[in-house]
Amino acid sequence: MAQHWQVFAGSDGLRALTPAWEALAVRAGTSFLHHPAWYGAQLATTPASDDDTLFFARHEGDRLVAVVPAVFTAEARDDRLPLDVHFACWELAYHSEMGLRDATVDPSLVRAELVDSLREAFDERAPADLVRFRNLPASSRLLTAARRAPAWYTLPSHGSKYLDTSASHDALMARYSGKYRRNLRRKLTKLESLGHSRVELVTREPELGRAFEAFLEVESSGWKGERGTSIARQPAQRAYYEHLLAGLARTGHALITLLWLDDRCIAGQFAVRAGRTVHLLRIGYDESLAAVSPGALLLDALLQHACACDGVDRVSFVTGIGWMDAWKPEVEPVENVYAFGRSLKGRYLQTAILAHGYLKARTGPGTADTAA
């Protein structure tokens, strides 16, 4: 079965795959992680990862139907385990800050054979004690295939929060108290008393470049800039997002939303639209105007747009940070997937990881599982 998979290595392999992968992302991608731009940005800005990142691609005839970005670690560790054991491990390449991972899979391929043949392809390349796909959202087709394969195990990880925008904005707002709705209207009225306000939604070049610069400036205007965690204050991260934006813009996946007060940008969102979901990846607002909550007003404007758009059913916060709870989000489960080798280490890992996972499930959900 492993002969179905072809391996493309590093940036050269990615360049060869990109045209067909972009077409697959448009045709079958439902998550921001299904777009090759993420991996292009990483390889362009972190050359050291070029030697380690492999792309396992599967074709049916001339059509690309799956791409699984993967890395192999000969001496992996897991600090959660009771013994300090080093083991050989395959896992999904992780080039996102968002706490999620995934592979791009056409819906026609969602069956147990997908993951079983992939595991064989991994072993042909380098035998491993463990294959782990961590932080897969419930919508992941790779996760669905693993659930159908007896040799694979799934364990809960955390939750990814989102808002359902498939109905009208009035229906969405009905879930909030009258006080909450009045407070939003009061803040909008107060903002409008300060000058002319407008919302800008940008999806195309060359406007995206200008909108990105405005977003960078407002994101860096407050505590993120002071602490050096904004994109603009980190040259490597800025280069990463510039590469990412260029790739996303080419296929129409990029979305930057801005809230303006006269000629001043007071809030911004960097988002990716994939499938029927808008994924909010980075946000920023002018903290000197905190009294009118520009970030909340911009989010409400995005929700109005999404509810009115036939092609958007969900606005995803991607992560599960506490401030989002004011919006009463739904939660999409995120899971970890494991397949264990037949070696002594593989049997130990199976016992230890499953025991840890079942114990965690009993004590309640946690944050994203990012252990090395």
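Look above for the structure.
Next up on the list: the overall build of the protein chain. Helix and strand counts for the protein chain stand at 11 helices and 13 strands. On C-alpha atoms alone, the protein chain measures out to a radius of gyration of 22 Å, which is about the 21 Å that the 2.2 N^0.38 rule sets for 372 residues. For the protein chain, the spread of C-alpha atoms along the three principal axes comes to 70 × 45 × 40 Å. Excluding contacts between residues fewer than 6 apart, the proportion of contacts in the protein chain whose partners are at least 24 apart in sequence is 75%. Of the accessible surface of the protein chain, which amounts to about 16,400 Å², a share of 52% is contributed by carbon and sulfur atoms.

Once that is clear, we can look at the pattern of salt bridges. If you walk through the whole model with that rule in mind, you get 24 salt bridges. Between E91 and R132 there is a salt bridge; the shortest N-O distance is 3.2 Å. Separated by 41 residues along the polypeptide, E91 in strand 4 (residues 87-92) and R132 in strand 6 (residues 130-137) bring together distant segments of the chain. The shortest N-O distance in the salt bridge between R238 and E242 comes to 3.0 Å. Here E242 and R238 lie together in helix 9 (residues 235-250), a separation of four residues that amounts to about one turn. One salt-bridge network, held together by shared partners, links D78, R80, E91, R101, R132 and R134.

Here we come to the nonpolar core. F32, F55, L244, I256 and F270 are the most contacted members of the largest nonpolar core, which has 46 residues in total. Broken down by secondary-structure element, the contributors of at least two residues to this core are helix 1 (10-28), helix 2 (37-45), strand 2 (54-60), strand 3 (63-76), helix 7 (207-219), helix 9, strand 9 (254-261) and strand 10 (264-274). The dominant element in this core, judged by the number of residues it contributes, is helix 7, at seven residues. Residues in contact with I256, not counting those within four places in the same chain, are E200, L201, V202, L208, A211, F212, F215, L245, Q269 and F270. Of all hydrophobic cores here, the second largest spans 33 residues; its members include W5, V68, A70 and V105.

With that settled, the discussion passes to the layout of surface pockets. Here the largest pocket defines a volume of roughly 500 Å³. Forming the walls of the largest pocket are 21 residues, and the residues nearest its centre are K224, L281, R282, I283 and I321. If you list the elements that add at least two residues to the lining of the largest pocket, you get helix 7, helix 8 (223-227) and strand 11 (277-285). The greatest single-element share of the lining of the largest pocket, amounting to six residues, is contributed by strand 11. Considering only residue class, the lining of the largest pocket consists of 12 nonpolar, four polar and five charged. Empty space within the second largest pocket amounts to approximately 390 Å³. Secondary structure elements with two or more residues in the lining of the second largest pocket: helix 6 (178-194), strand 10, strand 11 and helix 10 (294-308). The dominant element in the lining of the second largest pocket, judged by the number of residues it contributes, is helix 10, at five residues. Its residues assigned to classes, the lining of the second largest pocket shows 13 nonpolar, six polar and one charged.

Cut-offs and rules
- Note that residues are indexed from 1 along each chain, following the sequence as it is written.
- With the structure being a predicted model, the display of local features is reserved for residues of pLDDT at least 70 and the display and counting of side-chain atom pairs for 80 or more, all residues being used for whole-chain, interface and lining totals.
- By convention in this description, side-chain values take in all heavy atoms of the structure and omit both hydrogens and water.
- Helix numbering and strand numbering both begin at the N terminus, where a helix is a DSSP run of H or I of at least 4 residues and a strand a DSSP run of E of at least 2.
- Our radius of gyration is a C-alpha quantity, and the globule rule it is checked against amounts to 2.2 Å times the number of residues to the power 0.38.
- Contact definition: two residues touch when any of their heavy atoms are within 4.5 Å.
- Per-residue accessibility takes into account occlusion by the displayed protein chains alone, with areas from the Shrake-Rupley method and a 1.4 Å probe.
- For this document, the term salt bridge refers to a Lys or Arg side-chain nitrogen within 4 Å of an Asp or Glu carboxyl oxygen.
- Within this scheme, the nonpolar core is defined by two criteria: the residues are buried Ala, Val, Leu, Ile, Met, Phe, Trp, Tyr or Cys, and they are joined through side-chain atoms within 4.5 Å.
- Partly exposed residues are those whose accessible area sits between 20% and 50% of the maximum for their type, while under 20% is buried and over 50% is exposed, using a 1.4 Å probe and protein chains only.
- A cavity here means a set of points on a 1 Å grid, drawn over the protein atoms and nothing else, where a 1.4 Å probe fits but cannot get out; a pocket is an open set with protein on both sides within 12 Å along at least five of seven lines, and a residue lines either one if it has an atom within 4 Å of a point.
- Grid points are joined across faces, edges and corners, and a volume is the space filled by probe spheres set on the points.
- Each residue is assigned to one class: nonpolar for Ala, Val, Leu, Ile, Met, Phe, Trp, Tyr, Cys and Pro, charged for Asp, Glu, Lys and Arg, and polar for all the others, Gly among them.

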